[in-house]
Amino acid sequence: MKASYITDLQKWQEEFKFFVEVTVRFSETDMYGHLNNTIPFAYFEYARIEYLKQLGFMDWSSTEMTKIPVVADLQCDYLQQVYFDETLRIYVKAARIGNSSIDIHYLARNEKDEPCFIGRGTIVQIDKSSGKAIPWDEKEKLILQEK
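Residues numbered from 1 in each chain as written. Predicted model: local features only at pLDDT ≥ 70, side-chain atom pairs only at ≥ 80, totals over all residues. Heavy atoms only, no water.

Q: For this particular structure, what's the right way to read the pattern of salt bridges?
A: When the charged atoms of two side chains with opposite charge come close together, those side chains can pair. Using the criterion set out here, one finds ten salt bridges in the structure. Its salt-bridge partner being lysine 141, residue glutamate 138 comes within 3.9 Å of it at the nearest N-O pair. Placement of the pair is glutamate 138 and lysine 141 together in helix 3 (residues 138–146), with a separation of three residues, close to one helical turn. The exposed category is assigned to glutamate 138, whose relative accessible area is 56%. (Salt bridge = Lys/Arg side-chain N within 4 Å of Asp/Glu carboxyl O. Helix = DSSP H or I, 4+ residues; strand = E, 2+ residues; numbered from the N terminus. Buried < 20%, exposed > 50% of the residue type's maximum accessible area, 1.4 Å probe, protein only.)

Q: Even after reading the chapter, I still don't get the packing of aromatic side chains, so can you show me in this structure?
A: Two numbers describe a pair of aromatic rings. These are the distance of the centres and the angle of the planes. The full count for this structure, using the stated rule, is nine aromatic pairs. Seen from their ring centres, phenylalanine 16 and tyrosine 91 are 6.1 Å apart, and the 65° between their planes marks the pair as edge-to-face. Separated by 75 residues along the polypeptide, phenylalanine 16 in the loop between helix 1 (9–14) and strand 1 (18–23) and tyrosine 91 in strand 3 (residues 87–97) bring together distant segments of the chain. On the basis of relative accessible area, phenylalanine 16 is assigned to the buried category, the value being 7%. Each ring, one from phenylalanine 44 and one from phenylalanine 117, has its centre 5.8 Å from the other, and the planes form 55°; the classification is tilted. One end of the pair, phenylalanine 44, is in helix 2 (residues 39–55); the other, phenylalanine 117, is in strand 5 (residues 115–127), and 73 residues separate them in sequence. Just as phenylalanine 44 is buried, phenylalanine 117 falls in that class too. An aromatic cluster of three or more residues is present, and its members are Tyr5, Trp12, Phe16, Phe19 and Tyr91. Here the basic side chain of lysine 93 rests over the ring of phenylalanine 16, its NZ or CZ set 4.5 Å away from the ring centre. (Phe/Tyr/Trp six-rings, centres within 6.5 Å; stacked < 30°, edge-to-face > 60°. Lys NZ or Arg CZ within 6 Å of the ring centre and 35° of its normal.)

Right, dumping it as structure tokens:
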């Protein structure tokens, strides 16, 4: 596995704590039963939102919420084939915390606990009304560092 955002593979994998499970649906595969190469991005989104909800950062239904996280970039590295009806664990972690951004890393493991695809992406916290980046406050930084 050769990804520029991973320096020590073993340590990188051990740092993941949070995950969600997904089962590959028929509609997410090609005519050979392989997972379509666009679907991992949807899995990353699902896992990222659940992760942020768990941290308390995603209460979009609140009218008091003035800031939201948005995706600035996203990449996926494919390691092996994934097939219809496989159950995957999609792991998420905050790898680097910036002033108003977070570098999020992803790891997808199959039922044999083998990595299938990995990825990373940057999210930026923005003001809902202006669309401009807003720095994380100290409480938010602490929450991100602990998880």
